Protein chains: 2
Amino acid sequence: MSDTRTTRLIQSLPAAVPFVGPETMERARGAPFAARLGANESVFGPSPKALDAMKAACDEIWKYPDSTSFDLRHALAAQNGIAPENIVVGEGIDGLLGYLVRLMIAPGDAVVTSDGAYPTFNYHVTGHGGTLHKVPYRDDFEDPAALMARAAEVGAKLVYLANPDNPMGTWHDGDAITAALDALPEDALLVLDEAYVEFAPAAAPVAIDDALVIRMRTFSKAHGLAGARVGYAMGPAPLIAEFEKIRNHFGMNRAAQVGALAALEDTRWLAHVQAKVAAAREEITRIAARNGLSAIPSATNFVSVDCGRDGDFARAVLEALGRQGVFVRMPFAVPQNRCIRISCGTPADLALLADALPRALAEAGR
Amino acid sequence: MSDTRTTRLIQSLPAAVPFVGPETMERARGAPFAARLGANESVFGPSPKALDAMKAACDEIWKYPDSTSFDLRHALAAQNGIAPENIVVGEGIDGLLGYLVRLMIAPGDAVVTSDGAYPTFNYHVTGHGGTLHKVPYRDDFEDPAALMARAAEVGAKLVYLANPDNPMGTWHDGDAITAALDALPEDALLVLDEAYVEFAPAAAPVAIDDALVIRMRTFSKAHGLAGARVGYAMGPAPLIAEFEKIRNHFGMNRAAQVGALAALEDTRWLAHVQAKVAAAREEITRIAARNGLSAIPSATNFVSVDCGRDGDFARAVLEALGRQGVFVRMPFAVPQNRCIRISCGTPADLALLADALPRALAEAGR
């Protein structure tokens, strides 16, 4: 039963939810997961300085947040060598993608993405009446040239590209993306999702000063603050200014603003997390190999492991892992859905994975 | 300069921001305010149990929030004697108003509100292309009968009414609002903003089980968690279900969810705050009277004080208070803008007000 007073667009939308969260799954299975390796969170946590700052900020939580996220925005500008006018802070990349789609997409407008890329972006596009055009991955990589060509073909207003990619973990050099931009129509915009960029080789980030690109960053991954909901977008000042017309100005959590600022300043902790993630990627790769499976090389805090058969088999492995208390996810599109996607865990998490995977493969019928 | 790639609707929107926040004002004046009495925050703070719960929850802030706010939603349902399906939790009332307007309002749709009522609601209506129709206050009260009559006249899809009212602090019995509903067109929806309802007489809340009404509540006022960003809406299940199609599912701060739940359970602290607020209202009324001014009786955590002349004079008083470090706001519409709106403060805050007000009145030329 739906409410008939909503707009025609809303009535046309599916009731589907982009992701079922792990807490919902835990309630369904009647027990918590022993290893939470499905949401690409940072099990290594945020900087202790960020934690201290957040806890201290709780004592002022009776105050509304600074609606301009002034301190955080200025610190981000300084760190990235751009002006504060090139940055908008929002309620995670999810929130910012929602605002961006609302800014750019009227009903019927064309949007290009990869088949199997971020569902929450698609959710926002559909939610604003946009028409999605999808390009396949090429050898488990997003395909910038094909995305741009499709954008020109369908007159896209928005093109989505994640670099490094989620769910595969693969990446392109920034130069390759910049080169592909030549084929992007002038009235289009590339939304470059760099949620995992802190885990990528130095060559992965693209140059910022291009009116054709808006880059999305987050404190949810390398900075370990997924529960705080802090993301930011970097792009041309006239486009960034447009967010002021529609965003929830007092939407940021006050303690989260403070915590993100402290996390940003703690570059030593970031390096610590990067090293832990690199070691965990290697361990996941080793665990896969011990089970006769290959891992896709990753520039993120997760590893997609090729289960060697089809999507049904990978799903059976995923579900068997879940029954053993190991929460992982998997890609959505053929043939990437032959993989399961495993987030970097603590040594204890990965010991549980190592223990559970052979049984899961057996249960799945290998 | 604006970005020409945005939609026609976005290009038509003003760059104006609903509220300039106190931090922005403090940066402009080069000093913090000594008394923060302008944003109707709770200077008495949240429950110490909520603070403890939030600080403890920071240790799990690396996890995404529960996308369904399950525990909080169920506790709210139990407290209000309704089903969890009648409740959606969101990023403050501001965030929920944005979602609601997006659900209900297509470009050109009519919306009715009071002239001088909540600007952020108007911001969302304009942002989605709705057409605002405004009804004047009646003797500093919102006028339910006039709102409903206007809604019928213009074929409104949405009617906004705050009870108790902001910025005047006045209120109606729930029964009066229920009676007025008889005149609301069947295909319309009343959005009843009850942000301040915990400060109001027991007769103020309206009965919930009416398909014509959605009620907005918040943890920002009586629960002292403005910086946490937690609001909720209560309404008919089919309408509440529609939020799932568009909301930012992982948009809630994880520690805020936990803090709100603890705040909800601490009814003793709520009673403590209610008593503090009642005492502060009386003290503001006394301070006004000592300066020859009258206070509008209030059912909220603020008092609108009639400065006795026009909007220019009230603005001069407000600005003179600001120069003395006392931050207050004022209503927007004639003749309510003859008042300044003073949030309930600590005894120390109100001592500063008592000290500053005579000077402010003198500076304003009385």
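A few points on the structure. Here the structure is a predicted model, which means the values were calculated and not measured.

### Examining the side chain of A:Asp143
Residue and element names in this part refer to chain A.
Part 1 of the reasoning: Inspection of the secondary structure puts Asp 143 in the loop between strand E4 (131-135) and helix H7 (144-154).
Part 2 of the reasoning: Judged by relative accessible area, Asp 143 falls into the buried class, the value being 10%.
Part 3 of the reasoning: Beyond its immediate stretch of four places on either side in the chain, Asp 143 contacts Pro 136 and Arg 138.

### Focus: helix H8 (residues 174-181) of chain A
Residues and elements named next belong to chain A.
Part 1 of the reasoning: What H8 keeps buried is the set Gly 174, Ile 177, Ala 180 and Leu 181. Here the buried residues of H8 occupy an arc of 125 degrees about the axis, which is enough to place them on one side.
Part 2 of the reasoning: In the core, the buried residues of H8 are packed alongside H7, strand E5 (158-162), strand E6 (189-193) and strand E7 (213-218).

### Considering the pairing of strand E4 (residues 131-135) of chain B
Two faces belong to every sheet, and in a regular strand the side chains alternate between them.
Residue and element names in this part refer to chain B.
Part 1 of the reasoning: In the sheet, strand E3 (residues 110-114) pairs with E4 via five bridges, with the strands oriented parallel. Paired with Val 111 across the two strands is Leu 132, which belongs to E4.
Part 2 of the reasoning: Of the crossover connections in this fold, the one passing from E3 over helix H6 (residues 119-127) to the parallel E4 is right-handed.

### Structural notes on the pattern of salt bridges
Residue and element names in this part refer to chain B.
Part 1 of the reasoning: Applying the stated rule across the entire model yields 39 salt bridges over all chains.
Part 2 of the reasoning: Between Asp 109 and Lys 157 there is a salt bridge, with its nearest N and O atoms 3.8 Å apart. You can see Asp 109 sitting in the loop between helix H5 (92-104) and E3 and its partner Lys 157 sitting in the loop between helix H7 (144-154) and strand E5 (158-162), a full 48 residues away along the chain. Residues Asp 109 and Lys 157 agree in their burial class; the two are buried.

### Considering unusual backbone geometry
Part 1 of the reasoning: Residue A:Pro167 is bonded to the preceding A:Asn166 through a cis peptide linkage, with omega at 20 degrees.
Part 2 of the reasoning: Looking at where A:Pro167 falls in the secondary structure, it is placed in the loop between E5 and H8.
Part 3 of the reasoning: Phi at B:Asp140 takes a positive value of approximately 70 degrees, unusual for a residue other than glycine.
Part 4 of the reasoning: Here B:Asp140 shows up in the loop between E4 and H7.
Part 5 of the reasoning: Exposure remark for B:Asp140: the relative accessible area of 9% places this residue in the buried category.
Part 6 of the reasoning: Positive phi, normally seen in glycine, also occurs at B:Arg229, with a value near 65 degrees.
Part 7 of the reasoning: By the secondary structure assignment, B:Arg229 is in the loop between strand E7 (213-218) and strand E8 (231-234).
Part 8 of the reasoning: Judged by its relative accessible area of 4%, B:Arg229 falls in the buried class.

### Structural notes on the sheet that holds strand E9 (residues 294-295) of chain B
All names here are of chain B.
Part 1 of the reasoning: Pairing in this open sheet of three strands is antiparallel, and the strands run E9-E10-E12 from one edge to the other. Every other strand in the sheet has two partners, leaving E9 and strand E12 (339-343) as the edge strands with one partner each.
Part 2 of the reasoning: Two elements, strand E10 (residues 302-306) and E12, share five bridges in a ladder whose sense is antiparallel. If you follow Ser 304 over to E12, its bridge partner there is Arg 341.
Part 3 of the reasoning: In the packing of helix H11 (residues 267-290) onto the sheet, the strands contacted are E9, E10 and E12, and the crossing angle to E10 comes to about 15 degrees.

### Looking at the interface of chain B and chain A
Part 1 of the reasoning: Listed by partner, the interface residues are 81 residues for chain B and 81 residues for chain A.
Part 2 of the reasoning: If you sort the residues of chain B by the area they bury against chain A, B:Arg5, B:Trp62 and B:Tyr64 come out on top, with a joint share of 14%.
Part 3 of the reasoning: On the surface where chain B and chain A come into contact, there are six salt bridges.
Part 4 of the reasoning: The tally of links between chain B and chain A comes to 55 residue pairs in polar contact (both at pLDDT 80 or more).
Part 5 of the reasoning: The set of elements that each furnish at least two residues to the side of chain B that touches chain A consists of helix H1 (8-12), helix H2 (22-29), helix H3 (48-57), H5, H6, helix H9 (237-242) and helix H10 (254-265) of chain B.
Part 6 of the reasoning: The dominant element in the side of chain B that touches chain A, judged by the number of residues it contributes, is H5(B), at five residues.
Part 7 of the reasoning: Its residues placed into classes, the side of chain B that touches chain A shows 38 nonpolar, 20 polar and 23 charged.

### What about the relation of the copies chain B and chain A?
Part 1 of the reasoning: With an axial shift of 0.0 Å and an RMSD of 0.0 Å, the rotation relating chain B to chain A amounts to 180 degrees. Here the two chains are linked by the operation of a two-fold rotation axis. Closest approach to the rotation axis within chain B is made by the C-alpha atom of B:Lys55, at a distance of 2.6 Å.
Part 2 of the reasoning: The share of interface residues of chain B whose copies in chain A are also at the interface is 100%, consistent with both copies meeting through the same surface.

### Some remarks on the packing of helix H5 (residues 92-104) of chain A against helix H6 (residues 119-127) of chain A
All names here are of chain A.
Part 1 of the reasoning: Running from N to C, H5 and H6 cross one another at 30 degrees; their axes reach a closest spacing of 9 Å. The angle between H5 and H6 falls in the class roughly parallel. The hand of the H5/H6 crossing is right-handed. Contacts from Asp 94, Leu 97, Gly 98 and Val 101 of H5 reach H6 at Thr 120, Phe 121, His 124 and Val 125.
Part 2 of the reasoning: When the residues that make up the contact of H5 with H6 are grouped by side-chain class, the tally is four nonpolar, three polar and one charged.

### Considerations on helix H4 (residues 70-80) of chain B
Given 3.6 residues per helical turn, the α-helix brings residues three or four places apart onto the same face.
Residue and element names in this part refer to chain B.
Part 1 of the reasoning: Taken as a whole, H4 has its buried residues at Leu 72, Arg 73, Leu 76 and Ala 77. The buried residues of H4 occupy an angular sector of 135 degrees when the element is viewed end-on, so they sit on one face.
Part 2 of the reasoning: The secondary structure elements touched by the buried residues of H4 are strand E2 (87-90), E8 and H10.
Part 3 of the reasoning: One or two residues past the end of H4 sits Gly 81, with phi positive at roughly 65 degrees.

### Re the pairing of strand E3 (residues 110-114) of chain A
Residues and elements named next belong to chain A.
Part 1 of the reasoning: Most of E3 sits inside the fold, with five of its five residues counted as buried.
Part 2 of the reasoning: Alternating positions in E3 separate into two faces, Ala 110, Val 112 and Ser 114 on one and Val 111 and Thr 113 on the other, with burial throughout.
Part 3 of the reasoning: Looking at chain direction, E3 and E5 are connected through two bridges and run parallel. From the neighbouring strand, Val 111 faces E5, where its bridge partner is Leu 158.

### Some thoughts on the environment of B:Arg36
Part 1 of the reasoning: Inspection of the secondary structure puts B:Arg36 in strand E1 (residues 35-36).
Part 2 of the reasoning: Overall, the relative accessible area of 9% leaves B:Arg36 in the buried class.
Part 3 of the reasoning: A C-alpha to C-alpha distance of 39 Å links B:Arg36 and B:Gly108, two positions 72 residues apart in sequence.
Part 4 of the reasoning: A distance of 3.5 Å separates a polar side-chain atom of B:Arg36 from the backbone oxygen of A:Tyr64.
Part 5 of the reasoning: At 2.9 Å, the side chain of B:Arg36 and the side chain of B:Glu23 are in polar contact.

What counts, and at which threshold
Residues numbered from 1 in each chain as written. Chains lettered and ligands numbered in written order. Predicted model: local features only at pLDDT ≥ 70, side-chain atom pairs only at ≥ 80, totals over all residues. Heavy atoms only, no water. Helix = DSSP H or I, 4+ residues; strand = E, 2+ residues; numbered from the N terminus. Buried < 20%, exposed > 50% of the residue type's maximum accessible area, 1.4 Å probe, protein only. Contact = heavy atoms within 4.5 Å. Arc of directions from axis to C-beta. Pairing = 2+ DSSP bridges. Right-handed = clockwise from strand over helix to strand, strands pointing away. Salt bridge = Lys/Arg side-chain N within 4 Å of Asp/Glu carboxyl O. Axes fitted to C-alpha atoms, helices over the stretch in contact; angles between N-to-C directions. Buried area = accessible area lost by both parts, 1.4 Å probe. Polar contact = N/O pair within 3.5 Å; in protein donor to acceptor, adjacent residues only side chain to side chain. Nonpolar A, V, L, I, M, F, W, Y, C, P; charged D, E, K, R; others polar. Least-squares fit on C-alpha atoms with pLDDT ≥ 70 in both. Parallel < 35°, antiparallel > 145°, perpendicular 65-115°, else oblique. Left-handed = near helix turned anticlockwise from the far one by under 90°.

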